Amino acid sequence: MTQPQMDWENAYRQESPPPWSIGAPQPELARLIEQGKVHGEVLDAGCGHAALSLTLAERGHKVVGLDASPTAIAAAVTAATERGLTTVSFAQADMTAFTGYDGRFDTVLDSGLLHSLPVDGRQAYIRAIHRAAAPGADLYILAFATRPFGGQAPGPSGFTADELRDTVATCWTVDEVRPAKLYGNDSPGPGGPASMPGVERDGAGHITMSGFLLSAHKDG
């Protein structure tokens, strides 16, 4: 089973930011930072406009942000320069096949990338981030649950908890999969998730969608 390839470059070239680019880290990942669970050098996999990378760099972390969109990477570089951040770097990459970082990262963060990849590309991605992780590294993946926008709405199909666990467990040791929320910009469009009846809102300009937060580690 496959799903259409996402046109990441087109998404970042629009006048308005894409729905997932909320200008701050996803709250679930922000809590991990506050709890001190992000450590060492960090890979922000599918960084986009890089709110997560920039927040981590402001806290003194060394961070590499990778994304398929050159436009997103250019915006991230500009934002880091404007803020005077020197411990973060960015590069354009095919997230299912990137190389050059073997055994480097102590923490790998995925803020909604895995569920957006074609199904037949997910294992290549899981192998790529595993290859880039140091022994003992921690992995956190925030992903949509099954059909977060409803059965007829466009968008990634998401996972059941078991599907997410099984997808990642081919390379990583999975420690936990728990329910979580993902946030998006509340900007209704024809047929889009924000226009669907019953979509939850947080009262601060965001829609909220059901998902999971997976925690795993690379064996030493």
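Preceding this paragraph is the structure being described.
Because the structure is predicted, anything quoted here is derived from the model rather than measured. (Residues numbered from 1 in each chain as written. Predicted model: local features only at pLDDT ≥ 70, side-chain atom pairs only at ≥ 80, totals over all residues. Heavy atoms only, no water.)

## Quick word on the overall build of the protein chain
Counting its secondary structure elements, the protein chain contains six helices and eight strands. Going residue by residue from the N terminus, the α and β elements of the protein chain occur as α-α-β-α-β-α-β-β-α-β-α-β-β-β. Each of the 220 residues in the protein chain was classed as buried or not, and the buried ones make up 49%. Here the analysis covers contacts within the protein chain between residues at least 6 apart in sequence; of these, 71% occur between residues at least 24 apart. (Helix = DSSP H or I, 4+ residues; strand = E, 2+ residues; numbered from the N terminus. Buried < 20%, exposed > 50% of the residue type's maximum accessible area, 1.4 Å probe, protein only. Contact = heavy atoms within 4.5 Å.)

## Comments concerning the packing of aromatic side chains
One pass over the full model with this rule turns up three aromatic pairs. Between tyrosine 12 and tryptophan 20, the aromatic rings sit 6.0 Å apart at their centres with planes inclined by 80°, giving edge-to-face as the arrangement. Among the residues examined, tyrosine 12 registers a relative accessible area of 8% and is labelled buried. Residue tryptophan 20 is classed as partly exposed on the basis of its relative accessible area of 35%. Between phenylalanine 98 and tyrosine 101, the ring centres sit 6.2 Å apart and the planes meet at 65°, which makes this aromatic pair edge-to-face. Feature note: the residues Phe98, Tyr101 and Phe105 constitute an aromatic cluster, connected by ring pairs. (Phe/Tyr/Trp six-rings, centres within 6.5 Å; stacked < 30°, edge-to-face > 60°.)

## What to know about the pairing of strand 5 (residues 133-144)
Counting buried residues in strand 5 gives 10 out of 12 residues, a clear majority hidden from the surface. Of the pairings in the sheet, the one linking strand 4 (residues 105-111) to strand 5 comprises six bridges and is parallel in character. By the bridge assignment, serine 111 is partnered in strand 5 with leucine 142. At this point the chain moves from strand 4, through helix 5 (residues 122-132), to the parallel strand 5, and the crossover so formed is right-handed. Bridge analysis of strand 5 against strand 8 (residues 206-217) gives seven bridges, and the strand direction is antiparallel. For leucine 139, the partnering residue across the bridge sits in strand 8 and is alanine 216. (Pairing = 2+ DSSP bridges. Right-handed = clockwise from strand over helix to strand, strands pointing away.)

## Observations regarding the environment of glycine 23
Mapped onto the elements, glycine 23 comes out in the loop between helix 1 (8-13) and helix 2 (27-34). Look at glycine 23 and you get exposed, because its relative accessible area is 68%. In this structure the C-alpha to C-alpha distance between glycine 23 and asparagine 185, which are 162 residues apart in sequence, comes to 9.5 Å.

## Remarks on the side chain of lysine 218
Tracing the chain through its elements places lysine 218 in the segment after strand 8. Buried and unpaired, lysine 218 has aspartate 102 as its nearest opposite-charge partner, separated by 8.2 Å. (Lys, Arg positive; Asp, Glu negative; His and termini not counted. Salt bridge = Lys/Arg side-chain N within 4 Å of Asp/Glu carboxyl O.)

## Digging into the pattern of salt bridges
Applying the stated rule across the entire model yields seven salt bridges. Glutamate 58 serves as the salt-bridge partner of arginine 83, at 3.0 Å between the closest nitrogen and oxygen. With a gap of 25 residues between them, arginine 83 in the loop between helix 4 (70-82) and strand 3 (88-92) and glutamate 58 in helix 3 (residues 51-58) connect regions that are remote in the sequence. Here glutamate 200 and lysine 181 are joined by a salt bridge, their closest N and O atoms 3.2 Å apart. With a gap of 19 residues between them, glutamate 200 in strand 7 (residues 200-201) and lysine 181 in strand 6 (residues 173-185) connect regions that are remote in the sequence. On the accessibility criterion, glutamate 200 (44% relative accessible area) is partly exposed. Exposure remark for lysine 181: the relative accessible area of 31% places this residue in the partly exposed category. Look at the salt bridges and you will find they share partners, linking Glu28, Arg31 and Arg178 into a network.

## Some thoughts on the nonpolar core
Among the nonpolar cores identified, the biggest contains 34 residues, and Phe98, Ile129 and Val168 are the most heavily contacted of them. Among the secondary structure elements, those contributing two or more residues to this core are strand 1 (42-45), strand 2 (63-67), strand 4, helix 5, strand 5, helix 6 (161-168), strand 6 and strand 8. When sequence neighbours within four positions are dropped, the list of residues in contact with isoleucine 129 reads Leu43, Ala45, Phe98, Val108, Leu139 and Trp172. Core analysis: the next-biggest nonpolar cluster, separate from the first, contains 28 residues, Leu29, Leu32, Leu56 and Phe144 among them. (Core = buried A, V, L, I, M, F, W, Y, C linked by side-chain atoms within 4.5 Å.)

## A word on the environment of isoleucine 73
Residue position: isoleucine 73 is located in helix 4. Taking the C-alpha atoms as reference points, isoleucine 73 and glycine 46, 27 residues apart in sequence, are found 9.9 Å from one another.

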